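Here's the letter readout for the chains.
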Amino acid sequence: MLCMTLADELKKQGAQIRFISRNLPAHLSAMLTEKGMEYLPLAIDEASEAVDELAHANWLGTSQSQDAQGTVNALPWAWVFQLQV
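On a predicted model such as this, the values are computed, not experimentally measured, just so you know.

**Some thoughts on the overall build of the chain**
A count of helices and strands for the chain gives three helices and two strands. Taken from the N to the C terminus, the helices and strands of the chain come in the order α-β-α-β-α. Sequence separation of at least 24 residues holds for 31% of the intrachain contacts in the chain that already meet a minimum separation of 6. Carbon and sulfur atoms make up 58% of the accessible area of the chain, which totals about 6,200 Å².

**Here's the deal with the pattern of salt bridges**
Summed over all chains, the structure comprises four salt bridges. Lys35 serves as the salt-bridge partner of Asp8, at 3.3 Å between the closest nitrogen and oxygen. Residue Asp8 is found in helix α1 (residues 2-12), and its partner Lys35 is found in the loop between α2 (26-34) and β2 (38-41); the two are separated by 27 residues along the sequence. The exposure class of Asp8 is partly exposed, given its relative accessible area of 24%. For Lys35, a relative accessible area of 33% puts it in the partly exposed group. Residues Arg18 and Glu38 are paired through a salt bridge, measuring 2.7 Å at the closest nitrogen-oxygen approach.

**Thoughts on the side chain of Arg22**
Structurally, Arg22 is set in the loop between β1 (18-21) and α2. Residue Arg22 is classed as buried on the basis of its relative accessible area, which comes to 15%. Within the structure, Arg22 has its side chain in polar contact with the backbone oxygen of Ala43 (distance 2.4 Å). When near neighbours in sequence (up to four residues on either side) are disregarded, Arg22 contacts Leu42, Ala43, Ile44, Leu60, Thr62 and Asp67.

**Looking at the environment of Arg18**
Looking at where Arg18 falls in the secondary structure, it is placed in strand β1. Remark: the alpha-carbon pair of Arg18 and Leu32, spanning 14 residues in sequence, is separated by 9.0 Å. Within the structure, the side chain of Arg18 is placed 2.7 Å from the side chain of Glu38, a separation counted as a polar contact.

**Quick notes on unusual backbone geometry**
Although it is not a glycine, Asn23 adopts a positive phi angle of roughly 65 degrees. Judged by relative accessible area, which is 45%, Asn23 ranks as partly exposed.

Cut-offs used in this document
Residues numbered from 1 in each chain as written. Predicted model: local features only at pLDDT ≥ 70, side-chain atom pairs only at ≥ 80, totals over all residues. Heavy atoms only, no water. Helix = DSSP H or I, 4+ residues; strand = E, 2+ residues; numbered from the N terminus. Contact = heavy atoms within 4.5 Å. Areas by Shrake-Rupley, 256 points an atom, 1.4 Å probe, with all protein chains shown as cover. Salt bridge = Lys/Arg side-chain N within 4 Å of Asp/Glu carboxyl O. Buried < 20%, exposed > 50% of the residue type's maximum accessible area, 1.4 Å probe, protein only. Polar contact = N/O pair within 3.5 Å; in protein donor to acceptor, adjacent residues only side chain to side chain.

What follows is the structure, encoded as structure tokens:
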């Protein structure tokens, strides 16, 4: 997993690592905790918006804009970016 390799290296250099995901299997969230990384699960809600038309987006279970907004809301850093929906 490329993202885990990058996270491991950043953690060695003192970075705080936070993974945000929807539907992450329990064994993967446990692995993050064991490695001292934070995991923030996104809520699993029925989409209040139509799911995007992209063929590869159906697995998400929500629209890309709702997913992005949920991610922004999960981040504690207001200065990261503002999402315009």
